[in-house]
Amino acid sequence: MHVEITGHGPPLVLLHGWAMHGGIFAPLVDALRTRHTLHVVDLPGHGHSRGCATSLQPQACARAILDAVPDAPWCGWSLGGLVAQQAALLAPQRIPALALVCATPKFVVADDWPHGMAREVFTGFEAGLRSDWHATIERFIALEAFGSDHMREELKLLRDAVLARDAPSQRVLAEGLQVLEQGDLRAALPTLAMPSVWLAGRRDRLVNPAAMQASAALAPNARFVQIEHAGHAPFLTHAGTVAQALLHFLQEHAA
């Protein structure tokens, strides 16, 4: 599994979202590298980890990443946030703090989870992968950027990031969608002992900020932070704001 290490200071692990790779964090890395040694992971099947055969199922993926990084706080975005939550549940002694960016323990709507994404969105993406996966990724990227005050800029950054490294295989993309559709860690969140911060983009059209606020309420030592004017990838258009929120959180819990 590919892990890029850069910067200096206490370690921090960064996990990207579906169909992306660690390079998507470039603006955030630039904002944090003077304060932290960043371990930027390419998830299995993505980016420079395209040849990694490890499953994206959260437990298997989390264990593989734990084997590749030092003890450190983890910061996960979207799908990476689901993996980060799983890792924190598996090895709480190795992850002293947890930051989730536009991520929840359950992405799909349910009777007792009204703020999740409609299941039809996932079935549409799954069907699209079989017929035209390029167009499906394009639609997903558009949803990620939609709502942001800097939509055009964010859309270009996301498109450029996808093209910067080898695209994941259709098999990996389908597996990632399945993980997002089926994952549900809500019942375990009350056992999370480490402090956590849940960073939401107020204009996110993929992960409702209300779902993140509800997620933070399930964890015993959690804080919810909403970034105004941001969409699903706030670290692209509001990197300074996200970095300051992370630095404040990490410094507060450095002990």
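As the structure is a prediction and not an experimental result, all values here were calculated from the model.

Asker: An account of the environment of P73 is needed here, citing residue identities and associated values.
Answerer: You can see P73 is positioned in the loop between α2 (58–66) and β4 (74–77). Residue classification places P73 among the buried positions, given a relative accessible area of 13%. Along the primary structure P73 and L12 are separated by 61 residues, whereas in three dimensions their C-alpha atoms are 5.3 Å apart.

Asker: Give me the lowdown on the packing of aromatic side chains, citing residues and values where you can.
Answerer: One pass over the full model with this rule turns up 3 aromatic pairs. Note on F25 and W77: the rings are 6.5 Å apart at their centroids and 75° apart in plane angle, and the pair reads as edge-to-face. Placement of F25 in the loop between β2 (11–15) and α1 (26–32) and of W77 in strand β4 is noted, with a sequence separation of 52 residues between them. For the pair shown, F25 and W77 are each scored as buried. Their ring planes at 50° and their centres at 5.0 Å tell us that F25 and F235 sit as a pair that is tilted. Highlighted residues: F25 in the loop between β2 and α1 and F235 in helix α9 (residues 234–237), separated in sequence by 210 residues. Of the residues examined, F235 reaches a relative accessible area of 0% and is grouped as buried.

Asker: Give a description of the layout of surface pockets that names residues and reports values.
Answerer: In this structure, the largest pocket occupies an estimated 250 Å³ of space. Lining the largest pocket are 15 residues, with P10, H36, P73, L250 and A254 sitting closest to its centre. With 3 residues, the top contributor of residues to the lining of the largest pocket is helix α10 (residues 239–252). Of the residues contributing to the lining of the largest pocket, the split by class is 10 nonpolar, 3 polar and 2 charged.

Asker: Describe the sheet that holds strand β7 (residues 222–227), with residues and values.
Answerer: Taking strand neighbours across the sheet as the criterion, the 7 strands line up as β1-β3-β2-β4-β5-β6-β7 in an open arrangement whose pairing is mixed. The open sheet is flanked by β1 (3–7) and β7, the only strands paired with a single partner. Averaged over all neighbouring strand pairs, the angle between strand axes comes to 20°, with direction disregarded. Of the strand pairs in this sheet, β2 and β4 are connected by 3 bridges, and their pairing is parallel. Each residue of the ladder has a partner; that of V13, found in β4, is W74.

The rules we used
Residues numbered from 1 in each chain as written. Predicted model: local features only at pLDDT ≥ 70, side-chain atom pairs only at ≥ 80, totals over all residues. Heavy atoms only, no water. Helix = DSSP H or I, 4+ residues; strand = E, 2+ residues; numbered from the N terminus. Buried < 20%, exposed > 50% of the residue type's maximum accessible area, 1.4 Å probe, protein only. Phe/Tyr/Trp six-rings, centres within 6.5 Å; stacked < 30°, edge-to-face > 60°. 1 Å grid on protein atoms, 1.4 Å probe; cavity = no way out; pocket = protein on both sides within 12 Å on 5 of 7 lines; lining within 4 Å. Points joined across faces, edges and corners; volume = space filled by probe spheres on them. Nonpolar A, V, L, I, M, F, W, Y, C, P; charged D, E, K, R; others polar. Pairing = 2+ DSSP bridges. Axes fitted to C-alpha atoms, helices over the stretch in contact; angles between N-to-C directions.

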